[in-house]
Amino acid sequence: MVDANTRPAASAKGIVKHFGATAALAGVDFDVMPGEVHALVGENGAGKSTLIRIFAGVHRPDRGTIEVEGRPCQFDGPQAAIAAGIVTIPQELRLVPALGVAENISVGDPPVRRFLGVIPRIDRARMREDARQTLAQLDFAPDLDAPAGSLSFAERQLVMIAKALRRRCRILILDEPTAALEKREIDRLFAVLARMKEQGVAIIYISHRLGEVVALADRCTILRDGRVAAVAQRGAFDAARLARAMTGGFEERASSSGVVQPGTTVLQEPAERPGAICLRAQETLGLAGLLGSGTDRVLARLFGVQPEPGTVAINGVPRRLANPRAAIAAGIGMVPAERSLGLIMNASVRDNIVLPSLGRFIHRGRFDKAGAARAVNELMDVLDIRPRRADTKVSALSGGNQQKVVLAKWLARGVSLLLLDEPTQGIDVAAKAQIHALLRDFARQGSILMNSSDLAELVLMCDAVLAFHHGHVAARIERSDLDESRLHAAIGG
Amino acid sequence: MQRPLRARLAGQAPLLTLILLCAVTALLTDRFLSPFNLTNILVQSSIMAVIAMGMTFVIVGGGFDLSVGSTVALSGCIAAMLMPVGGVALGVLGGVAAGALVGLANGFIIAMLGVNPFITTLGTMVLVRGVVFIITGGAPIGDEGLPPAFIAFGSQRLFGVHYLVWVPVGLLATVTYIMHSTPYGRRVYATGGGREAAYLSGVPVRRVIASTYIWCGALAGLAGVMLAARLQSGQPTAGEFYELTAIAAVVLGGASLHGGEGTPAKSVIGVFIMVVLGNALNLLNVDSYWQRVAVGAVIIAAAAADRLRSR
């Protein structure tokens, strides 16, 4: 399929991109041929997203060049990249939910007819005909007037691809396209991609699911720490080898100061609940699963954000976790994946730390400012929150320090169980190690339930990991058997 | 550690604006600093300050209340109706309670049913004004004569300052204490600053939001009673456009319409800016049509300055 003599549809040469002090990309070469599926794999933070955002015109490289069909390009925005024929299908599909399918496909560049040669008006007949033809190329015939919001995720994805096709896209970038799809929908997507390949479209395919990469990709580039760790042609890679190349044999074991024996059961969900959790004292339990596997729902129901009927036994006492307040009263704290949900961004470090404990800092019937300030200062020292100024707005802090403030909130409250959702997402390596150390300290007295798509983190931190599939626990892997390739296999990646 | 001078000054922009405005006006006209004029400014500001303090609760909590102007009229009329029957205390209580009831309705619809605050309070603004006209028949209340003590409250002075002015002075200390030094007050700031994050920290956000409207309604009710004392009657048309002045004052005082920022004291400064500006334009014989243009421009300029600063 790939002719060695043809020119790459798009290429990147020597791309360097810094965000602040951290180098997201440190000199990356990458290209994709017409009619080729080129997979891009790597762990979180390896630089995949940064690279595709540079192709998509979202970021500008500090150094290096992008070429499209041999011509150097400088994109000053996403529109410029689209005009050059590069279209990205992101994980969150950007369609206008209230507009119809046909209108969504032509939005931004609708067919126009001029009344009396001057007054423009949208040519609805042509808009529908355009949409019908493009969708037919994908073997997809939805109701053209149905609002996009009424379609399933898989259908909306096809509408996005149709939109790309209509704009004569030559390079299609797919970011984790199958993360929320079912098997049948994945098959249909792959059939669509095969057809696009035949038409000579170059496809850059990003996925955590290494099995898919092996099945689909003509070539695979592995990124690690902002560099190309390896490039392999079809047939020269399998899932296990990819997993190894992604981590680079890098092993930073937890300083296991003797295996702690988990104590008594602190949390027990009713057994009939799908994916029921049982957690013991001093235990760090991991949750692993692909997008849509239900790991996030476990945290949401235990914190009362998406409450479920029935009670949960906490230290043997049945509790209704009906809302976050009830969960907090039961000694549970939550670190959400989005820091804007963990923190009031325009409030100070102090106000954020004391927020869950406001009712506790009461002295003779009034708010005990001095006591709260002492507690805050102590926590800022223990957690090494910088700058060491309690009246700094948290929006001015780095991601790592913000996450420490979220932890400090729950330490101030004295919770015994922490629910963590992607606790070190988007945090630099040094801060990540600090947060891991803090969590290990916490686990000496308390328990942790941790959801992470960073499998290396789960291997590093957890006493056991539950692999989730469609809301059910597919496997429980104990620490002694825990490694990344086994986790990959268990979650179906 | 000291905060940089620039940051500290930026936080005091409303106060600096007020001082500058007073200084310029004093230079342009010598009548500005006359005792008569200063008293006039204080009395004019007092009623609006009470409303603006209530509005501060709502805006800090992330909301918005357009119904305060109508509430002022409702409470004034109810107070004037009750007083000949049950005395001053019952009148004042009834007026404030009527305001709190409007606030409770707003709070319930906005926080519990999730209706947009703008639409909800636009609705109650019109509805309450209608109720006022129904219960008064469109005529002022108080022809039979209100209790002399109440009339005195609207016109007499204590230590050389009008009783009306002492009300917001005492209230400012109380409201500032509630907002700054009680767990409840901090929860209001947290809810306005990030409703979801506050909810995930255990704050009962719906109850907090509803409570801010009750504060706002009750204080608007108190303002209505004060206005009735000053006008020596309950006027069904009283308080028109007060909601806009109050919101403008709170924003001029540096509160963010996104919620989570603002203090009662700064809102009062915002009220003074509005009143002094109007007073200055009057003293300088600026045409009243042009006064409106100037006031509107000042509000937009204040909001724009806030946006530029936060970049």
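Because the structure is predicted, anything quoted here is derived from the model rather than measured. (Residues numbered from 1 in each chain as written. Chains lettered and ligands numbered in written order. Predicted model: local features only at pLDDT ≥ 70, side-chain atom pairs only at ≥ 80, totals over all residues. Heavy atoms only, no water.)

Draft legend 1. Representation of the interface of chain A and chain B. Taken together, the contact between chain A and chain B spans 27 residues of the former and 24 residues of the latter. Between chain A and chain B the total buried area reaches about 2000 Å² when both faces are included, carbon and sulfur atoms providing 59% of it. For the pair chain A and chain B, the interface holds 1 salt bridge. R186 of chain B is the salt-bridge partner of D351 of chain A, the closest N and O atoms lying 2.7 Å from each other. Joining chain A to chain B, the criterion identifies 3 residue pairs in polar contact (both at pLDDT 80 or more). (Contact = heavy atoms within 4.5 Å. Buried area = accessible area lost by both parts, 1.4 Å probe. Salt bridge = Lys/Arg side-chain N within 4 Å of Asp/Glu carboxyl O. Polar contact = N/O pair within 3.5 Å; in protein donor to acceptor, adjacent residues only side chain to side chain.)

Draft legend 2. Quick peek at the nonpolar core. Counting residues in each nonpolar core, the largest one holds 145 residues, and the members touching the most others are I277 and L449 of chain A. Here the element with the most residues in this core is helix α3 (residues 35-60) of chain B; it accounts for 14 residues. When neighbours within four sequence positions are excluded, I277 of chain A is seen to be in contact with L267, Q268, E269, L285, L287, V298, R301, L302, L449, L466 and F468 of chain A. Listed in part, the 38 residues of the second largest apolar core include F140, V159, A162 and L172 of chain A. (Core = buried A, V, L, I, M, F, W, Y, C linked by side-chain atoms within 4.5 Å. Buried < 20%, exposed > 50% of the residue type's maximum accessible area, 1.4 Å probe, protein only. Helix = DSSP H or I, 4+ residues; strand = E, 2+ residues; numbered from the N terminus.)

Draft legend 3. How the structure looks around the side chain of N37 of chain B. Residues and elements named next belong to chain B. In this structure, N37 sits in helix α3. Owing to a relative accessible area of 5%, N37 belongs among the buried residues under this scheme. Contact partners of N37, with chain neighbours within four places excluded, come to R31, F32, N279 and L283.

Draft legend 4. Focus on the pairing of strand β24 (residues 472-478) of chain A. All names here are of chain A. Bridge count for strand β23 (residues 464-469) against β24 is 6 bridges, and the pairing is antiparallel. In the sheet register, V465 faces β24, and the bridge partner there is I477. The antiparallel pairing of β23 with β24 creates a hairpin that spans 2 residues between the two strands, and H470 there sits at a positive phi of about 50°. (Pairing = 2+ DSSP bridges.)

Draft legend 5. Layout of the sheet that holds strand β9 (residues 171-175) of chain A. All names here are of chain A. Read across the open sheet, the 6 strands follow the order β6-β9-β10-β3-β11-β12; overall the sheet is mixed. Two strands in the sheet have a free side with no partner beyond their single neighbour: β6 (86-89) and β12 (227-233). Going from strand to strand, the sheet's axes swing by 20° on average, the running direction of each strand aside. Packing against the sheet, helix α1 (residues 48-55) makes contact with β3 (37-41), β6, β9, β10 (202-206) and β11 (219-224), and its axis sits at approximately 135° to β3. Those strands touched by helix α5 (residues 153-166) are β6 and β9, and its axis lies near 175° from that of β6. (Axes fitted to C-alpha atoms, helices over the stretch in contact; angles between N-to-C directions.)

Draft legend 6. Summary view of the state of the cysteines. In this structure the tally under the stated criterion is 0 disulfides over all chains. Looking at C77 of chain B, it has no disulfide partner, and the nearest cysteine sulfur is the one in C216 of chain B, 19 Å off. (Disulfide = S-S within 2.5 Å.)

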